[in-house]
Amino acid sequence: MHFAKLDDSPMFRKQMQGMEDSAESLRERSLRFYKGCRKYTEGLGEAYDGDIAFASALETFGGGHNDPISVAFGGPVMTKFTIALREIGTYKEVLRSQVEHMLNDRLLQFVNLDLHEVKEARKRFDKASLLYDQAREKFLSLRKGTRNDVATMVEEELHNARSTFEQARFSLVTALSNVEAKKRFEFLEAVSGTMDAHLRYFKQGYELLHQMEPYINQVLTYAQQSRERSNYEQAALNERMQDYKRQVDRESRWSSNGSNGSPNGDGIQAIGRSSHKMIEAVMQSAAKGKVQTIRQGYLSKRSSNLRGDWKRRFFVLDSRGMLYYYRKQISKSSGSGSQLSGQRNSSELGSGLLSRWLSSHYHGGVHDEKSVAHHTVNLLTSTIKVDADQSDLRFCFRIISPTKNYTLQAESALDQMDWIEKITGVIASLLSSQAPERFLPASPMGSHRRSASESSSFESSDFDHTAVEELASERSLTNADRQLRSSQQQRSSIKSEKTIDTLRRVCGNDKCADCGAPEPDWASLNLGVLVCIECSGVHRNLGVHISKVRSLTLDVKAWEPSVINLFQSLGNTFANSVWEELLQSRSAFQLDLIATGSYKSDKTQLVFISKPSQTDSIPVKEKFIHAKYADKLFVRRPKDGQYTHLVAQQIWEGVRAND
C-alpha cells in the first residue's frame, strides 16, 4: 500500500513529493529507453529492406532455366534460396511490427499519458492548495462583529475551496499510485513480449532453414564435387599447356637445326613409312563409329581470286579421311590482329581450347553463324604436291582436286612435312580401301575420344563434327541411313526442351517414386525413376552400383537424348510395377529380419513395411528404399527357371525391335 494515511499532513506531502521525484526520474529513463527502442526498430526496418534487396539481387543474378549463363554457374539452384530469403525478410518485418507495437507504443503511452498525468495533477493540486490557503486566511481574518451574511459567504467559499483542494489532492494520489502500480508490470510485459517475438522469429527461421537443410547439403556436396572436377580439369589443362610449350620448344630447336629437312634427316618418305600403319589403323576405327582427329591446326590458304591474298584458316584432318577448314571473320584491330598473326598454333595439343570456342560459337552461341563457315576437301580424288610453283614463299604445298586447287602454307618446315605426311597417308589409306564410303558414318557429336596409347598427333579434338557429317551424309547415305539420321535429329530436338518438363509428363513422374512427394527434381539413372530431394539422399547412400542419382536441373550434361528417351519409355508407374509388384497387392509387407539377415539375434523379428508418404521421417523412407532396391523384397522372382526362356525371348525381341 502506497499511502498508509490519507490525511493532509507534512508526512503525506513528503511522501507525495518523493513519489513525484521518482516518477520524473522514471520519465527521463523511459524516454532514453524509447529512443534506443526506436533506433532498434528502424534498424529492423533497414534490415528488412536489405534482405529484400539481397533476395532481389540474387534472383537477378541467378537468372532462370532459360538463361545459358545462369545454368553454367548453377543459377536455377538459387531460386529456392531466393524464396527462403524473402520469407526470412517477411519474418523480420513481422518482428519489427511486433516490437513497435509491444515495446515502443507502450513506452510512449506510459510517458505521454501516465507520467504526464502526474505532472498535470500536480499543477491542479498546487492551484487548488493556493486557493484553499487564501480562503482559509480570509475566513480566519473575520472580526467578531462581522455580519452573519458576510461570515456565511466567506465560510461557503472556504468550504468550496477545501472540496476542490481535496479533489485535486486525491487526483494526484491516484496518478502517483497508478504510476507506481504500472511500473511493476508494464516494462516486464513489454520486454518479455518483445523477447517472445524474437523467439518466434528465430523459431520460424530455424524451421524454414531446417526444412531446406537436405537441399542445402545437397547443393554444398554438388559444389564440392564441381570444385574437385574443376581442380582436376585445371591441373590437366596446365599439364597440357606445359606439354605444348615443350613441344613448341622442340619444334623451334629442330627448325633452327635444319629448316629444309626433317628432324632425323631422312626426309618426308621416312616419316611416312613410320606412321602410315598408324594412320591406317586410326582410319579403320572410323568404320566402328569412333572418329578421331589425325591432324589439326592453322594453315595460310591462298585465295582463288585475282588478288591471290593469303588468309589464315583452321584445318582439321580426321579419321574418316575428311579434310575441312573453318573460316572466321575477325575484325582487324591494332592489338589483337598482330597478336593472332603471331600465334601460329600448328600442333594438335594446343588447339583444344580454340576448337571449343569455335564449336560453342558455331552452335547457337553469341557469335553470328554466318561468320564461321565450313568447307570440305575431297581427298579421295586429290593429290598433293610438296611445293607450290605459283608462290616464292617457304613452307608451301598444294592439294590438287578435280574441282579446285588449294595452295597452303604451313608455319614451319616441320609443320609442312607433318601436314604432307598425314594427308599422304590418308590418301593412301582411302585408295587402298576401295570403299571410301564406309569411312563416312553418321557420328554423333563428340564421339571421338582421346586414346592414351596413340601418339600425340592423333589426339582427339574438342571440335564438333556434326556439320561435316551432315555434308558427308547428303552425298553417301542410303535411304535407310537418312531415315536413321532423321530419327537422331528428332531425338536431339528433345534435348532443346527443358529436361524436367519433358520427364514430368511421363506417367507417374509427377510424384516421387518412393514417397509420392509432388514435383520430383532428382532421378536415378540406372533405376529409371524420379525421386524427391529427401529420397535422393537415401538413394545416394545406397551407392552408385545400386542407384546413380543425378539432378534434373543441375546435372545438365547427364541428360543426353538417349537417356531422356529411356526415361520416357519407363516412368515411375511402370518402374514401380516391377519394383513394388508384391507390395501393390497389399497395403503392408511382412518382413522377417532373420531371413533377410538384417537383424542379428536368435529370436524371430517380424516387421511390417509399407510405402511411406511425403510426411514420413527420413529413417522410415530409408528403410523402405533399402528394402525396395537393395534387397529387392517387393520384386516377383521366378521359381526354378520357370520364366527363363520367356524372359530371354522377350529380351531378344526388344533388341531386334530396338525397343
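Being a predicted model, the structure only gives us computed values, none of them experimental.

Rules used in this analysis
- Residues numbered from 1 in each chain as written.
- Predicted model: local features only at pLDDT ≥ 70, side-chain atom pairs only at ≥ 80, totals over all residues.
- Heavy atoms only, no water.
- Phe/Tyr/Trp six-rings, centres within 6.5 Å; stacked < 30°, edge-to-face > 60°.
- Buried < 20%, exposed > 50% of the residue type's maximum accessible area, 1.4 Å probe, protein only.
- Lys NZ or Arg CZ within 6 Å of the ring centre and 35° of its normal.
- Axes fitted to C-alpha atoms, helices over the stretch in contact; angles between N-to-C directions.
- Helix = DSSP H or I, 4+ residues; strand = E, 2+ residues; numbered from the N terminus.
- Parallel < 35°, antiparallel > 145°, perpendicular 65-115°, else oblique.
- Left-handed = near helix turned anticlockwise from the far one by under 90°.
- Nonpolar A, V, L, I, M, F, W, Y, C, P; charged D, E, K, R; others polar.
- Pairing = 2+ DSSP bridges.
- Salt bridge = Lys/Arg side-chain N within 4 Å of Asp/Glu carboxyl O.
- Polar contact = N/O pair within 3.5 Å; in protein donor to acceptor, adjacent residues only side chain to side chain.
- Contact = heavy atoms within 4.5 Å.
- pLDDT = per-residue confidence, 0-100.
- Patch = residues over 30% accessible without salt bridge, like charges linked within 9 Å, V, L, I, M, F, W, Y side chains within 5 Å.
- Areas by Shrake-Rupley, 256 points an atom, 1.4 Å probe, with all protein chains shown as cover.

A few words now on the packing of aromatic side chains. Applying the stated criterion across every chain, the model contains 10 aromatic pairs. An angle of 65 degrees between the planes, with centres 4.9 Å apart, marks the rings of Tyr 201 and Phe 202 as edge-to-face. On the basis of relative accessibility, which here comes to 12%, the residue Tyr 201 falls in the buried class. Put simply, the rings of Phe 125, Tyr 132 and Phe 165 touch in pairs and so form one group of aromatic residues. When the ring centre of Tyr 298 is taken as origin, the NZ or CZ atom of Arg 312, which lies over that ring, is 3.9 Å away.

Quick look at the packing of helix α1 (residues 10-62) against helix α3 (residues 78-140) now. Contact geometry of α1 with α3 gives a least axis separation of 8 Å together with a crossing angle of 160 degrees. In terms of orientation, α1 and α3 fall into the roughly antiparallel class. Both α1 and α3 take part in a crossing whose hand is left-handed. By residue class, the composition of the contact of α1 with α3 is 29 nonpolar, 11 polar and 14 charged.

On to the sheet that holds strand β8 (residues 522-524), then. Read from one edge to the other, the open sheet built from 3 strands follows the order β9-β8-β10, with strand pairing classed as antiparallel. This sheet does not close on itself; its edge strands, each paired only once, are β9 (529-531) and β10 (549-551). For this sheet, the mean angle separating the axes of adjacent strands, direction not counted, is 35 degrees. One ladder, built from 3 bridges, connects β8 with β9; its direction is antiparallel. Bridge pairing in β9 links Ala 523 to Leu 530.

Take the pattern of salt bridges next. By the definition in use, this model includes 29 salt bridges. Its salt-bridge partner being Glu 189, residue Arg 106 comes within 2.7 Å of it at the nearest N-O pair. Here the residue Arg 106 occupies a position in helix α3, and Glu 189 occupies one in helix α5 (residues 186-257), the gap between them amounting to 83 residues. Using a relative accessible area of 23% as the deciding quantity, one classes Arg 106 as partly exposed. Looking at Glu 189, the relative accessible area reads 40%, which means it is partly exposed. Among the ionic contacts, a cluster of salt bridges with common partners joins Arg 295, Asp 415, Asp 418, Glu 421 and Lys 422.

This next bit is on the side chain of Gln 409. Within the element layout of this structure, Gln 409 appears in strand β7 (residues 405-409). Here Gln 409 falls in the buried class, since its relative accessible area comes to 15%. Polar side-chain contacts of Gln 409 include one of 3.2 Å to the backbone oxygen of Arg 394. Once residues within four sequence positions are removed from consideration, Gln 409 is found in contact with Leu 299, Ser 300, Trp 310, Leu 393, Arg 394, Phe 395 and Cys 396.

On average, residues of the protein chain carry a pLDDT of 75, and 70% of them reach 70 or more. Per-element averaging of pLDDT across the protein chain places helix α8 (residues 352-362) at the bottom with 36 and β9 at the top with 93. Predicted confidence for residues 259-274 stays below pLDDT 50, and this span has 14 contacts to residues more than four positions away or in other chains. The low-confidence segment residues 330-373 (pLDDT under 50) makes 75 contacts with residues lying over four places distant or belonging to another chain.

Moving on to a nonpolar patch on the surface. Taken together, the side chains of Phe 33, Val 191 and Met 195 make up a nonpolar region of the molecular surface, amounting to roughly 260 Å² of accessible area. Relative to the assigned elements, Met 195 resides in helix α5. Relative accessible area serves as the criterion here: at 52%, Met 195 is assigned to the exposed category.

A few words on helix α13 (residues 533-542). Looking at α13, one finds that the buried residues are Ile 533, Cys 535, Ser 536, Val 538, His 539 and Leu 542. After α13 finishes, the residue Gly 543 shows a positive phi value of roughly 100 degrees.

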